[in-house]
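A look at the structure
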Amino acid sequence: MKASLLTAAGLILGLALIVPPIAEAAELKVLAGGSIAGPLNELKTQFEQSTGHKLTIHFDSTPNLIKAVTSDVPFDLGVVPVDVFKDAAAKARFVPGPTIDIARVGYGVAVRAGAAKPDISSPDALKLTLIKAQSIATLPASAAGAYVLSVFDRLGIGEEIKAKIKAQKTPAEIPQAVAKGEAELGVFLTNVLIAPGVELAGPFPAELQQDLVFTAAVAADSKEAEAARAFIDYLKSPEAVAVIKAKGLAPG
């Protein structure tokens, strides 16, 4: 009996020497674009369950993300609009090298559920629809909102419809304003406009369409760089790609 116990103990000791200890769970602080909240919140749960790591995600607009990145507040990685990396000071806070594109999405127009869908099939049709609208919900203080305003300018109606714009504070508030009847149209990223109480009238015409790209990188001073890279790798996995598609974005 004593010999058996000694043998068993030896086996256990041998396994301990062969099998490396399980890595300690990391707590990751993530900065992310507000318009990618849908898929990231779902993928956060899946990643935490499969790895044991814990994620805290702060969603915000591009101007605020740049302020956060360039502040003294620590973070481990970003999944942000590519515009963040156009700011030299912000880019310097990440590991040098190319970023990893995670998802992209274009722009469109939404109306209240059950309302007649306006014609936005051409630049002229979109222009007429915007001129006729009584109010337009969007988020000017964001990269996506800035592009929406630039489209209004390209159509030659930027000044004309300024008074119609109902500025929202977060992406989610745009479809909510339309659903409540506070705004006749919602004009923003199409994935944001796929929401309860509203219906997508359609995407911008091809001549005015542009994808907003969400890209990822590890923070240069992250103390959890390995876990941060693991999360970025996970965002490129088949499971994550399926969630990204289901939430109305295109992967990569």
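Here is what the cut-offs are and how they apply
Residues numbered from 1 in each chain as written. Predicted model: local features only at pLDDT ≥ 70, side-chain atom pairs only at ≥ 80, totals over all residues. Heavy atoms only, no water. Phe/Tyr/Trp six-rings, centres within 6.5 Å; stacked < 30°, edge-to-face > 60°. Helix = DSSP H or I, 4+ residues; strand = E, 2+ residues; numbered from the N terminus. Buried < 20%, exposed > 50% of the residue type's maximum accessible area, 1.4 Å probe, protein only. Salt bridge = Lys/Arg side-chain N within 4 Å of Asp/Glu carboxyl O. Core = buried A, V, L, I, M, F, W, Y, C linked by side-chain atoms within 4.5 Å. Contact = heavy atoms within 4.5 Å. pLDDT = per-residue confidence, 0-100. Pairing = 2+ DSSP bridges. Axes fitted to C-alpha atoms, helices over the stretch in contact; angles between N-to-C directions. Parallel < 35°, antiparallel > 145°, perpendicular 65-115°, else oblique. Left-handed = near helix turned anticlockwise from the far one by under 90°. Polar contact = N/O pair within 3.5 Å; in protein donor to acceptor, adjacent residues only side chain to side chain.

**What about the packing of aromatic side chains?**
Applying the stated rule across the entire model yields six aromatic pairs. When the centroid spacing of 4.9 Å and the interplanar angle of 65 degrees are considered together, the rings of Phe47 and Phe231 count as edge-to-face. Here Phe231 lies in helix α9 (residues 225-235) and Phe47 lies in helix α2 (residues 37-51), a separation of 184 residues in the sequence. For Phe47, a relative accessible area of 2% puts it in the buried group.

**Regarding the pattern of salt bridges**
Inspection of every chain in the model, using the stated rule, returns seven salt bridges. Here Glu42 makes a salt bridge to Lys247, at a shortest N to O gap of 3.5 Å. Of this pair, Glu42 sits in helix α2 while Lys247 sits in the loop between α10 (238-246) and β11 (250-251); the two residues are 205 residues apart in sequence, bridging distant segments of the chain. What makes Glu42 partly exposed here is its relative accessible area of 32%. With a shortest N-O distance of 3.9 Å, Glu199 and Lys117 are connected by a salt bridge. Within this pair, whereas Glu199 is found in strand β9 (residues 198-203), its partner Lys117 is found in the loop between β5 (107-112) and α5 (123-132), the two being separated by 82 residues in sequence.

**Focus on the nonpolar core**
Within the largest apolar cluster, 64 residues are counted, with the highest numbers of intra-cluster contacts made by Leu28, Val79, Leu130, Val187, Leu189, Phe204 and Phe231. Look past the residues within four positions of Leu189 in its chain and what remains in contact with it is Ser35, Val105, Gly106, Tyr107, Ala144, Leu212 and Phe214.

**Concerning the confidence of the model for the protein chain**
In the predicted model, the protein chain carries a mean pLDDT of 91, and 91% of its residues have values of at least 70. Segment residues 1-22 is flagged for pLDDT under 50; beyond a separation of four residues in sequence, or across chains, it makes zero contacts in the model.

**Focus: the sheet that holds β9**
The sheet built from five strands is open, its strands ordered β7-β6-β8-β5-β9 with mixed pairing. On the outer flanks of this sheet lie β7 (165-167) and β9, each paired with one strand and no other. Averaged over all pairs of adjacent strands, the angle between strand axes in this sheet comes to 30 degrees, irrespective of strand direction. When strand β6 (residues 136-138) meets strand β8 (residues 185-189), the two strands line up parallel, connected through two bridges. Each bridged residue has a counterpart across the sheet, and for Ile136 the counterpart in β8 is Leu185.

**Brief notes about the packing of α2 against α9**
Relative orientation of the contacting elements α2 and α9 amounts to 120 degrees, with a least axis distance of 11 Å. In terms of axis orientation, α2 runs oblique to α9. Classified by chirality, the crossing of α9 by α2 is right-handed. Contact residues: Leu40, Leu43, Gln46 and Phe47 in α2; Ala227, Ala230, Phe231, Tyr234 and Leu235 in α9.

**So, the side chain of Ser61**
Along the chain, Ser61 falls in the loop between β2 (54-60) and α3 (62-69). Side-chain polar atoms of Ser61 contact the backbone oxygen of Ala141, separated by 3.2 Å.

**Re the environment of Lys117**
Classification of Lys117 as partly exposed rests on a relative accessible area of 49%. C-alpha of Lys117 to C-alpha of Glu199: the two residues are 82 residues apart in sequence and 8.3 Å apart in space. Other than its neighbours up to four places away in sequence, Lys117 contacts Val111, Glu199, Leu200 and Ala201.

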